[in-house]
Every structure is written in structure tokens, then in C-alpha cells.
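Fold and geometry: a report
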Amino acid sequence: MNYAPVVASLERLAELDIDPTRAVYARLFARYPEMEALFIRDQRYLVRGQMVQMVMENLLDYATDRTFGLPMIQAERVNHVTLGVPNAVFGIFFGVIQETIAELLGDDWTPAMAAAWGAMLASLELDIVA
Ligand code: HEM
């Protein structure tokens, strides 16, 4: 699968100079309100901002060079158990990232981007369990 449209979507977001942090968590908490309490100490959205940044870097790496993204995601799944984050939430979070980017790009979001993101996240899900 060609993940170039995933890269293009992330590049477009950067060009537009949009920080997706608030929109990502608004979407996550609307769907999974129980997740909000886990971030009670992060009043200024600093941890959350850094986390979205890291997740997007990991996904970009998974879409391209495949050097650090997958191992880091696997390690964070283990680390996050002590933070109260079930493993299953990772896939949900990646889907929320995709949906948020689609929302923020508006007319710049293309069917090719949707297809590439969908295929990439499905492949990632399989790689993680493997
Ligand atoms: C690849 C995926 C992820 C990466 C790289 C990542 C990275 C991080 C990092 C670097 C921290 C700060 C660590 C610390 O303060 O000790 C953190 C904290 C946290 N993460 Fe993640 N994270 C990921 C996925 C998730 C997901 C899916 C959730 C659930 C929605 C989540 C929930 C949290 C929570 C609740 C904290 C603690 C917040 C706080 O201390 O106030 N993370 N994460």
C-alpha cells in the first residue's frame, strides 16, 4: 500500500500551521468521557500536546521509513498500563487522530488520504498484535 497520502495529509496540516491537540482531545472525550479523568494533572495540555506530537511522528515513521514508530508504540502500550490506559484505547486514539485531521483539513482532505489512513491503521493494528 502506498501511504504517500498519509504523509501529504500531515504535511498539509503543518503547512496550515494547525495544532490539532485541542480538537483531538475534544473528539476523544466526546466519545470516551472516562478518558478525561486520566489527564486531571495536565491542566495546561502540555502532556497532551506532546503526546499528540509523538503519536503523529510515530505514525509518520510507520508510513515511511519504519525505524522507530512501531517499537515505540509497542513500548508505550506497556508503559501506559500503569497510567490506566487500556491497550485497546491505542487503536481508538489513532482513529481519532485520523478523524481530527480530516476535520481540520476540510476541503483539502481527499478520498486518497482517507483510503491510505484506513489501510495504514488496519495494518498497524495487525503489526501490533503480531
Ligand atoms: C504512541 C502512542 C502514545 C505515546 C507515544 C504517548 C506518550 C506519552 C508520554 C511521553 C507521556 C508523558 C509520560 C509521563 O509523564 O510519564 C504520556 C502520558 C500519558 N498518556 Fe500517552 N502516549 C501514547 C498514547 C496514549 C493513549 C492512546 C492514551 C489514552 C487516551 C494516553 C494517555 C496518557 C495519559 C493519561 C498520560 C498521563 C497524563 C498525565 O500525567 O497527566 N496515551 N503519554
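None of these values were measured; they are calculated from a predicted model.

What counts, and at which threshold
- Residues numbered from 1 in each chain as written.
- Predicted model: local features only at pLDDT ≥ 70, side-chain atom pairs only at ≥ 80, totals over all residues.
- Helix = DSSP H or I, 4+ residues; strand = E, 2+ residues; numbered from the N terminus.
- Expected span 1.5 Å × (residues − 1).
- Buried ≥ 20, exposed ≤ 12 C-beta atoms within 10 Å, placed from the backbone.
- Arc of directions from axis to C-beta.
- Contact = placed C-beta atoms within 7 Å.
- Near = placed C-beta within 6 Å.
- Nonpolar A, V, L, I, M, F, W, Y, C, P; charged D, E, K, R; others polar.
- Core = buried A, V, L, I, M, F, W, Y, C linked by C-beta atoms within 7 Å.
- Axes fitted to C-alpha atoms, helices over the stretch in contact; angles between N-to-C directions.
- Parallel < 35°, antiparallel > 145°, perpendicular 65-115°, else oblique.
- Left-handed = near helix turned anticlockwise from the far one by under 90°.

1. Focus on helix 3 (residues 46-63)
- Its 18 residues give helix 3 an end-to-end C-alpha distance of 26 Å, which sits within 8% of 26 Å, the value for a rise of 1.5 Å per residue.
- All of the buried residues in helix 3 are Val52, Val55, Leu59, Tyr62 and Ala63. Along helix 3, the residues classed as buried sweep out an arc of 95° about the axis, all on the same side. For helix 3, exposure combined with an orientation more than 90 degrees from the buried face picks out Leu46, Val47 and Gln50.
- Buried residues belonging to helix 3 abut helix 1 (4-15), helix 2 (21-31), helix 4 (69-81), helix 5 (88-105) and helix 6 (111-129).

2. Some words on the site of the ligand
- Not every one of the 20 residues close to the ligand is listed here, only the nearest: Leu38, Arg41, Asp42, Met54 and Phe93.
- Contributions of two or more residues to the shell around the ligand are made by helix 3, helix 4 and helix 5.
- Ranked by residue count, the leading element in the shell around the ligand is helix 3, at six residues.
- Residue composition of the shell around the ligand, by class: 14 nonpolar, three polar and three charged.

3. Focus on the nonpolar core
- In this structure, Val6, Val24, Leu59 and Ile97 are the most contacted members of the largest nonpolar core, which totals 17 residues.
- Among the elements of the structure, helix 2, helix 3, helix 5 and helix 6 are those that each provide at least two residues to this core.
- No other element matches helix 3, which puts five residues into this core.
- Among residues more than four places away in sequence, those in contact with Val6 are Ala63, Met113, Ala116, Trp117 and Met120.

4. Things to note about the packing of helix 3 against helix 4
- Two elements in contact, helix 3 and helix 4, have axes separated by 8 Å at closest approach and are oriented at 140°. For the element pair helix 3 / helix 4, the angle class is oblique. Taking contact as the criterion, the partners of Asn58, Leu59, Asp61 and Tyr62 in helix 3 are, on helix 4, Gly69, Leu70, Met72 and Ile73.
- Here the residues of the contact of helix 3 with helix 4 sort into five nonpolar, two polar and one charged.

5. Comments concerning unusual backbone geometry
- A positive phi is found at Tyr45, a non-glycine position, where the angle reads about 65°.
- As for its placement among the helices and strands, Tyr45 is situated in the loop between helix 2 and helix 3.
- Although it is not a glycine, Arg66 sits at a positive phi angle of roughly 55°.
- Residue position: Arg66 is located in the loop between helix 3 and helix 4.

6. Describing the packing of helix 1 against helix 5
- Packing of helix 1 against helix 5 leaves a shortest axis separation of 10 Å and a crossing angle of 55°. It follows that helix 1 is oblique to helix 5 by the angle criterion. Seen from above, helix 1 lies across helix 5 with left-handed handedness. Side by side, helix 1 and helix 5 meet where Ser9, Arg12 and Leu13 of the first sit next to Ile101, Leu104 and Leu105 of the second.
- Split by residue class, the contact of helix 1 with helix 5 holds four nonpolar, one polar and one charged.

7. With respect to the environment of Met51
- In this structure, Met51 sits in helix 3.
- The sequence separation of Met51 and Thr21 amounts to 30 residues, and the corresponding C-alpha distance is 8.8 Å.

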